[in-house]
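A look at the structure
Given next are the chains, with one letter for each unit.
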Amino acid sequence: MTDNGVVRRCLVLLFILAAACSASAQPGSGSEQRFPDVVAVKVRASGPNLFDFDVTISSRYDAPQRYADGFRVYTPGNEVLGERKLLHDHQNEQPFTRDLYAVMIPQAVKTVLVQARDQKFGYGGKVVTVKLPGR
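Right, let's walk through the structure included here. (Residues numbered from 1 in each chain as written. Predicted model: local features only at pLDDT ≥ 70, side-chain atom pairs only at ≥ 80, totals over all residues. Heavy atoms only, no water.)

1. Describing the sheet that holds strand β1 (residues 37–47)
The three strands lie next to each other as β1-β2-β5, forming an open sheet whose pairing is antiparallel. This sheet does not close on itself; its edge strands, each paired only once, are β1 and β5 (96–104). Geometrically, the sheet is characterised by an average inter-axis angle of 20° between neighbouring strands, direction not taken into account. One ladder, built from nine bridges, connects β1 with strand β2 (residues 50–58); its direction is antiparallel. Among the inter-strand pairings, Val38 is bridged to a residue of β2, identified as Ile57. (Pairing = 2+ DSSP bridges. Helix = DSSP H or I, 4+ residues; strand = E, 2+ residues; numbered from the N terminus. Axes fitted to C-alpha atoms, helices over the stretch in contact; angles between N-to-C directions.)

Below, the structure written as structure tokens:
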């Protein structure tokens, strides 16, 4: 194979790689953020088997048309223990923190997970695992 043939093949490969990289970086429905992320959770005991949660959520896409509309606290076995509904967007408050008080958690449960919900796509995004204080 001549030097020109090698160069030509290398250029073709470079073109293919550049096209593939460019296509994967294009914004569109495939790269749309579908879920809000839980970025921090503070938990404190508030009574026998009762816990209060302060949950910080980030949803960069939040707007009146679509927003993070809730979060839940659940066990590693997927039993939902508490849920907070959010009734409006937080477009000008990112990330934002909301509370959920008096969540009853069985004594045997040592850790819980916290996950946020998107108005359109449901639950998803970054989940935070929290060890319950005193357990």
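2. Digging into the sheet that holds strand β7 (residues 122–131)
Read from one edge to the other, the open sheet built from four strands follows the order β4-β3-β6-β7, with strand pairing classed as antiparallel. This sheet does not close on itself; its edge strands, each paired only once, are β4 (80–85) and β7. Taking each pair of neighbouring strands and ignoring which way they run, the sheet shows an average axis angle of 20°. Taken together, the seven bridges between strand β6 (residues 111–118) and β7 define a ladder with antiparallel strand orientation. Counted as the bridge partner of Asp118 is Gly122 from β7.

3. Topic: the packing of aromatic side chains
Per the stated rule, a full pass over the model turns up one aromatic pair. With a centroid separation of 6.3 Å and an interplanar angle of 65°, the aromatic rings of Phe35 and Phe121 are classed as edge-to-face. Here Phe35 is found in the loop between α1 (3–25) and β1, whereas its partner Phe121 is found in the loop between β6 and β7, with 86 residues between them in sequence. Overall, the relative accessible area of 23% leaves Phe35 in the partly exposed class. Sitting over the face of the ring of Tyr74, Arg72 holds its NZ or CZ atom 5.0 Å from the ring centroid. It is Arg117 that lies over the ring of Tyr123; its NZ or CZ is 5.9 Å from the centre. (Phe/Tyr/Trp six-rings, centres within 6.5 Å; stacked < 30°, edge-to-face > 60°. Buried < 20%, exposed > 50% of the residue type's maximum accessible area, 1.4 Å probe, protein only. Lys NZ or Arg CZ within 6 Å of the ring centre and 35° of its normal.)

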